[in-house]
Amino acid sequence: TAFVVVAVVGTVTAPFVEEVVFRAMLLRSLSSRVKPGLAVVLAAAIFAAMHFSPYLSWQSNLISILALGVFGIGMGVLARMTNRLGPGIVAHTLTLAYSFALLVGRT
């Protein structure tokens, strides 16, 4: 069903793709140009900004972008500390699965 497709894409595929794009490609590219800490913050800011939604109020977008910025910093630090994407993909997947479960529980 459509529900299962959305659940799989949202909790498995998206974290994999986002970790590859934002941590493997963007963070590594930025790290070769600026200090590592700044690279993590810049990659997290871009990660958060990419989640802007025109369907949300500016207040909801602000909260979402701030929360995702902090999450992005955490994922960036994890990627830098481990020099691997696996732990970040797992953490990202678990976070989205939990969020998805909370949303399903509210409906």
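Coordinates for the structure precede this section.
Figured I'd write up the structure that's included with this text. (Residues numbered from 1 in each chain as written. Predicted model: local features only at pLDDT ≥ 70, side-chain atom pairs only at ≥ 80, totals over all residues. Heavy atoms only, no water.)

### Some thoughts on the overall build of the protein
To keep it simple, the criterion reads: A helix here means a DSSP run of H or I that spans at least four residues, while a strand means a run of E at least two residues long, and both kinds are numbered starting from the N terminus. Only C-alpha atoms enter the radius of gyration; for comparison, a globular chain is expected to reach 2.2 Å times N to the power 0.38, where N is the number of residues.
Helix and strand counts for the protein stand at four helices and zero strands. The helix and strand sequence of the protein, counted from the amino end, reads α-α-α-α. Over its C-alpha atoms the protein spans a radius of gyration of 14 Å, differing by no more than 12% from the 13 Å that the globule rule assigns to 107 residues. Seen along its three principal axes, the alpha-carbon backbone of the protein occupies a region of about 45 × 30 × 15 Å.

### Description of a nonpolar patch on the surface
This is how it is decided: Every patch collects residues that have over 30% relative accessible area and no salt bridge, joining them within 9 Å if they carry like charges and within 5 Å if they are nonpolar side chains (Val, Leu, Ile, Met, Phe, Trp, Tyr). Computed with a 1.4 Å probe, the accessible areas rest on the Shrake-Rupley method; for each residue, only the protein chains presented here act as cover. Any Lys or Arg side-chain nitrogen located within 4 Å of an Asp or Glu carboxyl oxygen qualifies as a salt bridge. For the exposure calls, accessible area comes from a 1.4 Å probe over protein chains only, and a residue counts as buried if that area is under 20% of its type's maximum, exposed if over 50%, partly exposed in between.
A surface patch of nonpolar side chains, about 510 Å² in accessible area, is lined by Leu38, Val41, Leu42, Ile73, Val77 and Met81. Elements that contribute at least two residues to the nonpolar patch include exactly helix 2 (36–49) and helix 3 (58–82). You can see Val41 is positioned in helix 2. You can call Val41 partly exposed: its relative accessible area is 42%.

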